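An overview of the molecular structure
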2 protein chains.
Amino acid sequence: MQNKEIRLASRPAGVPTLENFQFVETEVPKPGENEVLVRLLYISVDPYLRGRMRDRKSYIAPFEVGQVIKSGAVGEVVESSSPKFKPGDIVSGGSFGWRLYDVANADAVMKVVPGVSPTTALGVLGGTGLTAYFGLLDVGQPKEGETVVVSGAAGAVGIVVCQIAKLKGCRVVGTTGSDEKCEYLHRELGVDVAINYKTSGMHAALREACPKGVDVYFDNVGGEVSDAVLPLITNGARVVICGQISMYNSDEPSVGPRPQPYLLVNSAMMKGFIVTKYMSRFGEGIQQLAQWFISGQLKHAETIVEGFENTPNAFIGLFSGENLGKQIVKI
Amino acid sequence: MQNKEIRLASRPAGVPTLENFQFVETEVPKPGENEVLVRLLYISVDPYLRGRMRDRKSYIAPFEVGQVIKSGAVGEVVESSSPKFKPGDIVSGGSFGWRLYDVANADAVMKVVPGVSPTTALGVLGGTGLTAYFGLLDVGQPKEGETVVVSGAAGAVGIVVCQIAKLKGCRVVGTTGSDEKCEYLHRELGVDVAINYKTSGMHAALREACPKGVDVYFDNVGGEVSDAVLPLITNGARVVICGQISMYNSDEPSVGPRPQPYLLVNSAMMKGFIVTKYMSRFGEGIQQLAQWFISGQLKHAETIVEGFENTPNAFIGLFSGENLGKQIVKI
């Protein structure tokens, strides 16, 4: 067996390019004590990884140049020195190398939910779903009848947020980057109004879509979309900063209208959110998400890119919005 | 007895000028049922009144052109149709007209604390003190040993915030607009570092003053001061938006570096704050403030401008930082 891995060849300047990644042939590692050797089946590529490619303080340490990239993945156990797993088990973990084969600590992986697509472990029944669940419900605290705006609504997290907000009886307005995605959000997920930010006058479109203002803004995108949402927030509004994908490829501070005056006159709150803070409540979250999913109230949406060699491309594609829902590489 | 009042003659464009105000001779009103007639002694002039001079939605209705300006004041009861008050009582209220004599509902005024300067009812023992108390402790939630940065530190609210933060065992860094104010904050109030934003390189000065970062930022000013503070916030930091005086005189949205990325990577919170939301807890706040004040742990700072005719000037002076502590007009 030959192994292969994808390393950070250089730190991207702006939008990442293929030159920033390097494929290297390596050995298949041996599992140590309490470890499993996993043949990767699906790799999750996520916008937040762009932040780790920068040499800058954040909520998670940066990748080093010359080191393997890591993200969530699903794979099949090939060899196990843990009694918890045996060869053939399908497991998911939050930090696998972008490799054909990788070892992981047995405590850092878990078996996927049986009877459903294993890729849901990277989406609606994994970190993506949990991010939507805790970010919307715990930080955003939507109440029935309130208006929730979701930016990046057709992205991995956004799609789950939109659905949970509908389950909670909210009016849901989503912004996204294509008419096809708008159609999907509206027809398939019941989003009340979906707005294509590339072709709509955002201020007017949002004002029309949110006649009672915006009570909760779940923000995955930032930048000009947020500039258009913030003037519409209501008294006591909650703004969940989950991502700022519009800024991830810039090394310069993003400049725009300062949001503080809107927060001030509305006694509104804006909060940065990272799902790992909720680790102790993951069980509760997965249980609720699984119940909604299995009962058909919550749909999983994913875009599958085929081939390990296309992992960098799948990642780069996130920044032009190639994906509907979770972007996943199938090895 | 002749009465006089100060009306909004026109809405200011930019920094208010004397032309925006009109002095009008009027009748002394008669107190109706459950009302008191009050001869005003001290008028509170406050930055937030600038917002009310604009015809725009905010947390409080705008003043109408041609109508009297209203703010907090202290005065002497001249006539009372309420059994709660008798002539000679010194009372404070949150919404008196800028008048020599005004009537107020007996339920909207209260007797000042005996034995202390009645002007404290407009400052440390009034809305100003309560704003500092609830904004810092309830929204900011400082913990012992944390670093608290206060912008507008020598203003009415800022001075109280600095002192409460010191009482709570925090490292306190204040920004203000003159070396004299810096000296006052440092020597008289024990502020650890006071920075003159007009003469200091803010980024470097703040970095040096906050070697462990900024855990709580109590913001009265906004704009470029905040631009320099936000890159220094720590994980889990809390930003209290109490005022944005640097923007009050502009009708255009203020543009600068967007704060969302700093909130995101630090799971930090930014919240607009208005003290009236805490009305049900005012008793608790005043009790604690009075205890600190009477025991000498909390100082009252005020700048008294003499003469009713100087009320507009005293108000205008707020925007060039003429005041140290609470700006008050003595009639």
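Residues numbered from 1 in each chain as written. Chains lettered and ligands numbered in written order. Predicted model: local features only at pLDDT ≥ 70, side-chain atom pairs only at ≥ 80, totals over all residues.

**A short note on the packing of helix H2 (residues 127–140) of chain B against helix H3 (residues 156–167) of chain B**
Think of two packed helices as two axes; the pair is described by the angle between the axes and how far apart they sit. Residue and element names in this part refer to chain B. The geometry of H2 relative to H3 is characterised by a closest axis approach of 8 Å and an angle of 50 degrees between their N-to-C directions. Relative to H3, the element H2 lies oblique. The two elements H2 and H3 meet at a crossing, and its hand is right-handed. Where H2 abuts H3, its residues Thr128, Gly129, Thr131, Ala132, Tyr133, Leu136 and Leu137 lie against Ala156, Val157, Val160, Val161, Ile164 and Ala165. (Axes fitted to C-alpha atoms, helices over the stretch in contact; angles between N-to-C directions. Helix = DSSP H or I, 4+ residues; strand = E, 2+ residues; numbered from the N terminus. Parallel < 35°, antiparallel > 145°, perpendicular 65-115°, else oblique. Left-handed = near helix turned anticlockwise from the far one by under 90°. Contact = placed C-beta atoms within 7 Å.)

**What to know about the domain arrangement of chain A**
Residues and elements named next belong to chain A. For chain A, the assigned domains are domain 1 (3–123 + 300–330) and domain 2 (128–276). Each of domain 1 and domain 2 was reduced to a C-alpha centroid, and the two centroids are 28 Å apart. Facing the 17 residues of domain 1 at the interface are 15 residues of domain 2. Elements supplying a minimum of two residues to the side of domain 1 that touches domain 2: helix H1 (49–52) and strand E16 (326–330). Residue composition of the side of domain 1 that touches domain 2, grouped by class: 8 nonpolar, 7 polar and 2 charged. (Domains from an automatic or database assignment. Nonpolar A, V, L, I, M, F, W, Y, C, P; charged D, E, K, R; others polar.)

**Some remarks on the packing of helix H2 (residues 127–140) of chain A against helix H8 (residues 282–294) of chain A**
All names here are of chain A. It is the contact of H2 with H8, at a shortest axis distance of 10 Å, that shows an interaxial angle of 100 degrees. The angle between H2 and H8 falls in the class roughly perpendicular. Where H2 approaches H8, its residues Gly129, Leu130, Tyr133 and Phe134 are matched on the opposing element by Phe282, Gly285, Ile286, Gln288 and Leu289. Residue classes in the contact of H2 with H8 are distributed as 6 nonpolar, 3 polar and no charged.

**Considerations on the pairing of strand E5 (residues 90–97) of chain B**
All names here are of chain B. Inspection of the sheet shows strand E4 (residues 70–80) paired to E5 by 6 bridges, in the antiparallel sense. By the bridge assignment for E5, glutamate 76 is matched with isoleucine 90. Alignment of E5 against strand E7 (residues 109–111), held across 3 bridges, turns out to be antiparallel. Residue pairing across strands places glycine 93 opposite valine 109, the latter belonging to E7. (Pairing = 2+ DSSP bridges.)

**Comments concerning the interface of chain B and chain A**
Chain B puts 29 residues into the contact, and the matching count from chain A is 29 residues. Elements that contribute at least two residues to the side of chain B that touches chain A include exactly strand E13 (255–257), helix H7 (260–265) and strand E14 (269–272) of chain B. The dominant element in the side of chain B that touches chain A, judged by the number of residues it contributes, is H7 of chain B, at 5 residues. Among the residues making up the side of chain B that touches chain A, the classes are represented as 16 nonpolar, 10 polar and 3 charged. Sheet analysis places strand E14 (residues 269–272) of chain A next to E14 of chain B, joined by 3 bridges and oriented antiparallel. The partner of methionine 270 of chain A across the bridge, within E14 of chain B, is methionine 270 of chain B.

**Details of the sheet that holds strand E10 (residues 193–196) of chain B**
The mixed open sheet is built from 12 strands, whose spatial order is E10(A)-E9(A)-E8(A)-E11(A)-E12(A)-E14(A)-E14(B)-E12(B)-E11(B)-E8(B)-E9(B)-E10(B). Sheet topology places strand E10 (193–196) of chain A together with E10 of chain B at the edges, where each strand pairs with a single neighbour. Here the average twist between neighbouring strands, direction ignored, is 15 degrees. This element, H3 of chain B, spans strand E8 (147–151), strand E9 (171–176) and strand E11 (214–219) of chain B of the sheet and lies at about 165 degrees to E9 of chain B. Set on the sheet, helix H4 (residues 179–189) of chain B makes contact with E9 and E10 of chain B; between it and E10 of chain B the angle comes to about 170 degrees.

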